[in-house]
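Tertiary structure, described
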Amino acid sequence: METIKNYLPYLKGYDFTGKIPVIIDFHATWCGPCQALSPIIQRLAKEYEGRIKVLKVDVDKNRALAEAANIRSIPTLFFIDIDGNIERTTGGMPYGALAGKAQSLLLQ
């Protein structure tokens, strides 16, 4: 199973503490599907503030992390539980599905 521990050297400056679940949105400014997902991610971050950390990683600005995480398509989302286990999905996602994934992180 993929875990966030493999990527910790690349997460400096991203405020990853390992104390609450995390969602990482790997995106790029030029990516249409990423731009469509952005307000959905922002809504989720606001709704789950304090319970789930939502991080946005621009793959062009942080190539080392994107390469280490084997990001081949964007948007890619990492859903990271409190133990650091990662479930990754690629592509856009409606708010209901995203909120469902967030809720499942809180129940683990």
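Quick look at the structure, then.

The rules behind the values
- Residues numbered from 1 in each chain as written.
- Predicted model: local features only at pLDDT ≥ 70, side-chain atom pairs only at ≥ 80, totals over all residues.
- Heavy atoms only, no water.
- Helix = DSSP H or I, 4+ residues; strand = E, 2+ residues; numbered from the N terminus.
- Buried < 20%, exposed > 50% of the residue type's maximum accessible area, 1.4 Å probe, protein only.
- Contact = heavy atoms within 4.5 Å.
- Areas by Shrake-Rupley, 256 points an atom, 1.4 Å probe, with all protein chains shown as cover.
- Pairing = 2+ DSSP bridges.
- Expected span 1.5 Å × (residues − 1).
- Bend = angle between axes of the 7 residues up to and from the residue.
- Disulfide = S-S within 2.5 Å.
- Lys, Arg positive; Asp, Glu negative; His and termini not counted.
- Salt bridge = Lys/Arg side-chain N within 4 Å of Asp/Glu carboxyl O.
- Polar contact = N/O pair within 3.5 Å; in protein donor to acceptor, adjacent residues only side chain to side chain.
- Axes fitted to C-alpha atoms, helices over the stretch in contact; angles between N-to-C directions.

1. Section: the overall build of the protein
- For the protein, the helix and strand inventory stands at three helices and four strands.
- For the protein, the sequential pattern of α-helices and β-strands runs β-α-β-α-β-β-α.
- Burial statistics for the protein: of 108 residues in total, 45% are counted as buried.
- If you take every contact in the protein between residues at least 6 apart in sequence, the share linking residues at least 24 apart comes to 71%.
- Counting every atom, the protein has about 5,900 Å² of accessible surface; 53% of that belongs to carbon and sulfur.

2. Some points on the pairing of strand β3 (residues 76–80)
- Burial of β3 is extensive: five of the five residues sit out of reach of the surface.
- Alternating residues of β3 divide into Thr76, Phe78 and Ile80 and Leu77 and Phe79, and every residue in both groups is buried.
- Hairpin connection, β3 to strand β4 (residues 86–90): the antiparallel pair is bridged by five residues, and Gly84 has positive phi, about 95°.

3. Some thoughts on the environment of Met93
- With respect to the secondary-structure elements, Met93 resides in the loop between β4 and α3 (95–107).
- Residue Met93 is classed as buried on the basis of its relative accessible area of 13%.
- Contact partners of Met93, with chain neighbours within four places excluded, come to Leu37, Ile40, Leu77, Phe79, Leu98 and Lys101.

4. Details of helix α1 (residues 32–47)
- Given a rise of 1.5 Å per residue, 16 residues ought to cover 22 Å, and the 24 Å separating the end C-alpha atoms of α1 matches this to within 8%.
- Along α1, the sharpest change in direction is near 30° and occurs at Ser38; proline Pro39 comes one to four residues later.
- Of the positions making up α1, those classed as buried are Cys34, Leu37, Ser38, Ile41 and Leu44.

5. Considering the state of the cysteines
- The final tally for this structure, using the stated rule, is one disulfide.
- Each sulfur in the disulfide pair Cys31 and Cys34 lies 2.5 Å from the other. One quick way to see it: the torsion about the S-S bond of Cys31 and Cys34 is about 75°, and its sign makes the bridge right-handed.
- The class for Cys34 is buried, based on a relative accessible area of 4%.

6. Brief notes about the side chain of Asp58
- Summarising the element assignment, Asp58 is placed in strand β2 (residues 53–58).
- No salt bridge is formed by the buried Asp58. Its closest oppositely charged neighbour is Lys61, at 4.6 Å.
- In terms of polar contacts, Asp58 uses its side chain to reach the backbone amide nitrogen of Asp60, at 2.8 Å.
- Other than its neighbours up to four places away in sequence, Asp58 contacts His27, Ala28 and Thr29.

7. Focus on the sheet that holds β4
- On the basis of which strands lie adjacent, the open sheet formed by four strands has the order β2-β1-β3-β4 and mixed pairing. With partners counted over all chains shown, the strands left at the sheet margins are β2 and β4, one partner each. Taken over all neighbouring pairs, the strand axes of this sheet differ in orientation by 15° on average, direction set aside.
- Pairing geometry for strand β1 (residues 22–27) and β3, over five bridges, is antiparallel.

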